[in-house]
Amino acid sequence: MFVQTFNSDIAKFVTILRAGGNIGLPTETVYGLAADATNGLAVANIFELKNRPKLNPLICHVADVEMAKAHGEFSSVAEILADAFWPGPLTLVVPLKSDSDIHPLVTAGLGTIGLRMPRGIARTVISEVGNPLAAPSANRSGRISPTEAQHVTSEFEGSDLLVLDNGPCEEGIESTILKVNGNSLILLRPGTITAEQIRATTGIEPTLYEGDDIAAPGMMKSHYAPDARLLLNQTEFPQDAAVLAFGNGGDVDAAHVFHLSQNGDLREAASNLYRGMKTLDATGVSTIYAQPIPVEGLGIAINDRLSRAAAPKDI
Ligand code: TXA
Ligand code: MG
């Protein structure tokens with residue numbers, strides 16, 4: 001059976017999730033592969049479909065703060081953050097409540113839970129299902145996250161997954177992940193909500209997580225990778241090159257050029273990043289040359305994803 005894409009028929013997707021099935025779920029960041037987080041079989045099937053290591057926990061998506069608090073312990077700082085940034089692209093990793101009925105596969109036995117309230121249609125789906133939805137990005141493990149329904153269908157061709165098509169994702173890169181333990185904040189994954197915004201809201205400077213595998217097993221060095229080799233911060237390239245271009249008014253002379261943002265707008269670049277990598281990859285080139293992107297504000301998250309995409313794949 002093939003993957004099918006539907007528009008707007010939300011009831012159908014809610015029914016699938018309630019029955020323990022999986023769907024492709026659009027969020028403001030990227031498309032997720034969703035399951036009822038309390039249903040062990042439904043969750044196990046996500047790991048299966050993605051070929052994802054079982055030690056890598058999944059984010060639980062909630063419809064409201066009440067649903068989040070049924071499963072996670074919210075310190076006053078966590079509450080301030082949820083108030084300020086939800087619904088939106090901020091995942092809070094907080095202590096797991098002992099009476100939570102989230103399936104242990106979701107949290108990988110870490111004693112914490114990653115919670116986020118997405119913006120838009122996903123939230124409607126969650127609220128109609130009535131349980132949190134576990135949803136990693138809807139790509140096979142280690143590959144580029146999908147920002148359009150079509151990316152999901154080609155990633156899982158041959159399975160009978162249905163994808164709720166809500167057009168291209170607004171943000172285009174995954175949520176910021178912040179571990180909140182009382183007053184301590186650890187930035188596990190940079191994203192569109194920046195460290196500066198977090199500091200301005202809480203008065204606390206988030207610590208950068210430097211490790212590879214302890215607090216966020218999914219933060220492997222090679223991730224989000226295209227098939228082609230990706231070279232970063234390139235200012236010169238051969239004429240037949242494939243170039244992931246940024247800024248300079250779009251002035252690039254090469255065979256294949258994908259403009260992340262001609263006028264150097266980081267938001268626009270983030271929303272185009274994965275589509276750009278996929279588009280250049282699809283030309284069959286062996287190397288993609290990425291122009292420099294400033295490492296500031298949202299550029300920190302963009303450079304984080306680029307350097308994971310550029311990392312040797314055997315790490
Ligand atoms: O924007 C997003 O976050 C997207 C959309 C679909 O919501 N989801 C996403 O999920 O990027 P995924 O599975 O590709 O990345 C989730 C990351 C992983 O690196 C995982 O290790 C980390 O979140 N994570 C989840 N729960 C955690 C926990 N309890 N402690 C530490 N890290 C956790
Ligand atoms: Mg992912």
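First things first, this report covers the structure right here in the doc. (Residues numbered from 1 in each chain as written. Chains lettered and ligands numbered in written order. Predicted model: local features only at pLDDT ≥ 70, side-chain atom pairs only at ≥ 80, totals over all residues. Heavy atoms only, no water.)

## Points about the environment of Q291
Moving on, step 1. Secondary-structure assignment places Q291 in the loop between β15 (287–290) and α10 (298–310).
Moving on, step 2. Sequence spacing of Q291 and L25 is 266 residues, and the spatial spacing of their C-alpha atoms is 31 Å.
Moving on, step 3. Setting aside residues no more than four positions away along its own chain, Q291 makes contact with N233, Q234, F237, V243, L244, A245, F246, N248 and V252. (Helix = DSSP H or I, 4+ residues; strand = E, 2+ residues; numbered from the N terminus. Contact = heavy atoms within 4.5 Å.)

## Describing the packing of helix α4 (residues 76–85) against helix α8 (residues 195–202)
Moving on, step 1. It is at 10 Å that the axes of α4 and α8 come closest, and there the two elements cross at 120 degrees. Helix-helix and strand crossings are classified by hand; for α4 and α8 the assignment is right-handed. The segment α4 lies against α8, with V77, I80, L81, A84 and F85 engaging Q197, I198, T201 and T202. (Axes fitted to C-alpha atoms, helices over the stretch in contact; angles between N-to-C directions. Left-handed = near helix turned anticlockwise from the far one by under 90°.)

## Topic: the side chain of T192
Moving on, step 1. Among the secondary structure elements, T192 is positioned in the loop between β10 (184–189) and α8.
Moving on, step 2. Overall, the relative accessible area of 7% leaves T192 in the buried class.
Moving on, step 3. Setting aside its immediate chain neighbours within four residues, T192 contacts P89, E171, I173, E174, T176, Q197 and L298. (Buried < 20%, exposed > 50% of the residue type's maximum accessible area, 1.4 Å probe, protein only.)

## Regarding the sheet that holds strand β12 (residues 229–231)
Moving on, step 1. If you walk across this open sheet you meet the four strands as β12-β15-β13-β14, and the pairing is parallel. Looking at strand neighbours, the two that pair on one side only are β12 and β14 (256–261), the edges of this open sheet. This sheet shows a mean twist of 20 degrees between the axes of neighbouring strands, independent of strand direction.
Moving on, step 2. In the sheet, β12 pairs with β15 via three bridges, with the strands oriented parallel. Considered in β15, the bridge of R229 is made with T287. (Pairing = 2+ DSSP bridges.)

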